[in-house]
Amino acid sequence: MTTTPTTTLPHWETTPDDLPGAIREVKRAIRARIEASGRTVAEVFAVVEARIAERVAEIRADVERGETVWPVIDYSDIENGTVTPEQLAKLRRRGCLVVRGHFPREQALDWDAGIVDYVERNAFFESYRGPGDDFFGSVGSKPEIYPIYWSPAQMEARQSDRMATVQSLLNAQWKHESDGFTWFDPDRDSLYPDRIRRRPPGADSNGLGTHADPGTLDLWMTQSYQQTFRHLFDGSVEEYDPWDAAHRTSGPQYPGTTMCSAFRTFQGWTALSDMAHDQGVLHTVPIPEAMAYLMLRPLLDDVADDDMCGVTTNQVFPASERWHPLLMEALSGIPDVQAGDSVWWHCDMIHSVAPVTDQQGWGNVMYIPAAPWCERNERYAGSVREAFLSGSSPSDFPEEHYERTWPDRFTVEQLNATGRRGLGLG
Ligand SMILES: [Fe+2]
């Protein structure tokens, strides 16, 4: 740890040994810096709270009018350049999007069937060893999350022109150049490999609680994130812009079981089945500025000095009724989607998956985010390339490596120009 009292906050570029001590120290320093602006932490937080409350009220009003909270844009409008300024404004306001007809429905259903063929041909269910972190837990049972990364279906979608077109539009909502520095290239994706979910009809699922994914204690403690959130930590909250990529794309992250080494402008998935809005689907708090609330809330007096409202390393960043009741009021689910639609949400945003009993129809998705080329993603692309060539699980995920011996996984010869560029193969 290094510190230069008047100019920088104390920071830890790797996980601190003494977490409670580091939390106390960084909270004290951030509070002092905010107070040096002439306002108290409570006053600054009240500004954030008022801004968020306006957004929450808008969202509730939309719900009462029976309008869809999630913006929806047709893929054909993105391809033809006919997305309206109003649609783009709503995308930026809500920080999330459904792209209708991103892929033809038949294409998505073919991919879904292709994945089933791929895993069955390779006897995946017979060799399945249970979740990666529970080695002997459920030998032989069928998983919902398939730790499969290199099927032809996934790679065809990742390197498709249609995917690149949507990713470029999403990336363009961010400010990617400032201070003479290009933080990322909005028109080159790094093909972040992730898994597949196939949840069968009749499934019961507890869903996933409200949480955020961009990091844990590193969000307050590394120098690059302290710069990312500089306006939150120096009392100038009015200037905080959730779409500014400055300092987000190069710094370190604290390792953890749920970490994402890549910088993602948006997280996303592509539907491989039709899904009704009440069948255990994704919800978000569709307010990108809510990050300001999440980051400042632990600095208020009612939170213990060594507590960040429950955020700690190696666990997801929790969002809760206890600490964030205002945000929870805005939790909004996706509308009905069809196979071939895609769903996207700003990387900072709180999200959850609703529980379901006796699910009607399948709930199948492939996770494909927008992870534009930048210093951090170039670094991770090195290990992705090796995982692709050897059929291994990517290094952000448990070391399961099912596909290493599967002869029909996607090959380097099948990569197109987008695929080669995304993997850094020139
Ligand atoms: Fe998540």
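These figures come from a predicted structure and were not determined experimentally. (Residues numbered from 1 in each chain as written. Predicted model: local features only at pLDDT ≥ 70, side-chain atom pairs only at ≥ 80, totals over all residues. Heavy atoms only, no water.)

Novice: Can you walk me through the nonpolar core in this structure?
Specialist: Counting 59 residues, the largest nonpolar core has F124, I148 and W344 as the members making the most contacts within it. Mapped onto this core, the elements with two or more residues apiece are helix 3 (75-80), strand 2 (96-100), helix 5 (105-121), helix 6 (124-127), helix 7 (152-158), helix 8 (161-171) and helix 14 (375-390). The element contributing the most residues to this core is helix 5, with 5 residues. With residues near it in sequence (within four places) discarded, I148 still touches Y118, V119, F124, Q154, D194, R195, I196, Y402, E403 and W406. Listed in part, the 48 residues of the second largest apolar core include F233, M291, M308 and A319. (Core = buried A, V, L, I, M, F, W, Y, C linked by side-chain atoms within 4.5 Å. Buried < 20%, exposed > 50% of the residue type's maximum accessible area, 1.4 Å probe, protein only. Helix = DSSP H or I, 4+ residues; strand = E, 2+ residues; numbered from the N terminus. Contact = heavy atoms within 4.5 Å.)

Novice: Is there a simple way to think about the coordination of the iron ion in this case?
Specialist: In a perfect tetrahedron of four donors around a metal, the angles come out at 109.5 degrees. In a perfect octahedron of six, they are 90 or 180 degrees. The protein atoms donating to the iron ion are H211 (NE2), D213 (OD), D213 (OD) and H351 (NE2), with metal-donor distances spanning 2.2 to 2.8 Å. For the iron ion, the 4 donor atoms in the first shell make angles of 51 to 126° at the metal, a pattern classed as irregular. Along the chain, the residues donating to the iron ion are arranged with the sequence spacing H-x1-D-x137-H. Taken together, the residues D213 in the loop between strand 8 (208-212) and helix 9 (218-221) and H351 in strand 14 (residues 351-353) connect sequence positions 138 residues apart. (Donors = N, O, S within 2.8 Å, 3.2 Å for Na, K, Ca; no water. Tetrahedral: all angles 85-135°; square planar, octahedral: opposite > 155°, others 65-115°.)

Novice: Just checking my understanding: could you explain unusual backbone geometry for this structure?
Specialist: Most peptide bonds are trans, and most residues other than glycine sit at a negative phi. For C309, which is not glycine, the phi dihedral falls at a positive 55°. Topologically, C309 is positioned in the loop between helix 12 (290-296) and strand 11 (317-318). Positive phi, normally seen in glycine, also occurs at N314, with a value near 70°. Relative to the elements of secondary structure, N314 occurs in the loop between helix 12 and strand 11.

Novice: Looking at this model, I keep getting lost on the sheet that holds strand 12 (residues 332-333). Mind explaining?
Specialist: Strand pairing in a sheet relies on backbone hydrogen bonds, with the paired strands running either antiparallel or parallel. One open sheet holds the 5 strands; their spatial order is 11-8-14-10-12, and the pairing between them is antiparallel. The sheet is open, and its two borders are formed by strand 11 and strand 12, each paired with just one other strand. In this sheet, strand 14 lies alongside strand 8 in antiparallel orientation, the contact comprising 2 bridges. Bridge pairing in strand 14 links L208 to V353. (Pairing = 2+ DSSP bridges.)

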